[in-house]
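This is what each chain is made of:
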Amino acid sequence: MKKILVLYYSRTGNTGKMAEVVAEGARAVHGVDVEVKYYATPKELADFDAVVVGVPTYHHDMTIDMKKLFEEATVKNIILKDKVGAAFGSYGWSGEAPQLALEIMKNKFGMDIIESPLLIKYAPDQDGLGKCRQFGKEIAKRLMA
Ligand SMILES: Cc1cc2nc3c(=O)[nH]c(=O)nc-3n(C[C@H](O)[C@H](O)[C@H](O)COP(=O)(O)O)c2cc1C
């Protein structure tokens, strides 16, 4: 069984909704075990084959908890090299956060990144939820390839 972590932060619930459906999409692929978490320690990250982060954009940036997690993982020398990494998030007008997270996952941790994060403006509608499901499926398929 390959293990996928969907780790998200959400202040008003929009990225949280995305996270549940990304996980649902990933679970549709045979052979993967998916965990959705709101909080993870740096050490826990190393237990998964893929780390998918959900991060909304506030003030043109990632949220502080996600930054802190990356910071602590660096200090603790957590090895994430070659694990699959992906990012998604809700946004209002600029939506930088998921791309910023991906850059750190790629350049600092040497993860195998799925390019182009999934961005949904504010609350995901049916079309947006469909995109989330598809995104989750793609991540799981990449892991099983
Ligand atoms: C104080 C504040 C600052 C924000 N800054 C940005 C921003 O810089 N860029 C952007 O695209 N959206 C910005 N937003 C919009 C949020 O990203 C948007 O509401 C999103 O749906 C929140 O996701 P969440 O429900 O997962 O917390 C901001 C919202 C608030 C309340």
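Residues numbered from 1 in each chain as written. Predicted model: local features only at pLDDT ≥ 70, side-chain atom pairs only at ≥ 80, totals over all residues. Heavy atoms only, no water.

(A) Spotlight on the pairing of strand E2 (residues 32-37). As paired strands, strand E1 (residues 2-8) and E2 are joined by six bridges and run parallel to one another. When the sheet's bridge partners are listed, Leu5 is paired in E2 with Glu35. This β-α-β element, E1 to helix H1 (residues 14-27) to E2, shows right-handed connectivity. (Pairing = 2+ DSSP bridges. Helix = DSSP H or I, 4+ residues; strand = E, 2+ residues; numbered from the N terminus. Right-handed = clockwise from strand over helix to strand, strands pointing away.)

(B) Just empty space enclosed by the protein, in detail. According to the stated counting rule, one finds one cavity of 30 Å³ or more in the structure shown. The volume enclosed by the largest cavity comes to roughly 40 Å³. Every residue along the wall of the largest cavity is listed here: Leu7, Leu45, Val51, Val53, Leu69, Phe70, Leu80, Met105 and Met111. Contributions of two or more residues to the lining of the largest cavity are made by strand E3 (50-54) and helix H3 (64-75). Of the residues that constitute the lining of the largest cavity, the class distribution is nine nonpolar, no polar and no charged. (1 Å grid on protein atoms, 1.4 Å probe; cavity = no way out; pocket = protein on both sides within 12 Å on 5 of 7 lines; lining within 4 Å. Points joined across faces, edges and corners; volume = space filled by probe spheres on them. Nonpolar A, V, L, I, M, F, W, Y, C, P; charged D, E, K, R; others polar.)

(C) Examining the nonpolar core more closely. Counting residues in each nonpolar core, the largest one holds 26 residues, and the members touching the most others are Ile4, Val6, Val22, Val52, Phe88 and Ile139. Those elements that provide at least two residues to this core are E1, H1, E2, E3, strand E4 (84-91), strand E6 (118-121) and helix H5 (126-144). Ignoring anything within four residues of it in the chain, the contact list for Ile4 reads Ala26, Val32, Asp33, Val34, Glu35, Phe48, Ala50, Val52, Ile139, Ala140 and Leu143. (Core = buried A, V, L, I, M, F, W, Y, C linked by side-chain atoms within 4.5 Å. Buried < 20%, exposed > 50% of the residue type's maximum accessible area, 1.4 Å probe, protein only. Contact = heavy atoms within 4.5 Å.)

(D) Local environment of the packing of H1 against H5. For the pair H1 and H5, the least separation of the axes is 6 Å and the interaxial angle reads 45 degrees. Regarding the angle of H1 to H5, the classification is oblique. Of the two possible hands of crossing, H1 and H5 adopt the one that is right-handed. Residues Lys17, Met18, Val21, Val22, Glu24, Gly25 and Ala26 of H1 touch H5, and the partners they reach there are Leu129, Cys132, Arg133, Phe135, Gly136, Lys137, Ile139 and Ala140. Split by residue class, the contact of H1 with H5 holds nine nonpolar, two polar and four charged. (Axes fitted to C-alpha atoms, helices over the stretch in contact; angles between N-to-C directions. Parallel < 35°, antiparallel > 145°, perpendicular 65-115°, else oblique. Left-handed = near helix turned anticlockwise from the far one by under 90°.)

(E) Just the site of the ligand, in detail. Taken together, 18 residues form the shell around the ligand, and within it Ser10, Thr12, Thr57, Tyr58 and Ser90 come nearest. Between Ser10 and the ligand, the recorded distance is 2.6 Å, taken from a side-chain N or O atom to an oxygen atom. At a separation of 2.7 Å, an oxygen atom of the ligand approaches a polar side-chain atom of Thr15. When contributions to the shell around the ligand are tallied by element, the ones reaching two or more residues are H1 and E4. Its residues assigned to classes, the shell around the ligand shows five nonpolar, twelve polar and one charged. (Near = heavy atom within 4 Å. Polar contact = N/O pair within 3.5 Å; in protein donor to acceptor, adjacent residues only side chain to side chain.)

(F) Representation of the side chain of Thr15 within the structure. If you trace the backbone, Thr15 turns up in helix H1. Engagement of the side chain of Thr15 in a polar contact is seen with the backbone nitrogen of Ser90, the distance being 3.2 Å. Excluding anything up to four places from it in sequence, Thr15 contacts Tyr8, Tyr9, Ser10, Gly54, Val55, Pro56, Phe88, Gly89 and Ser90.

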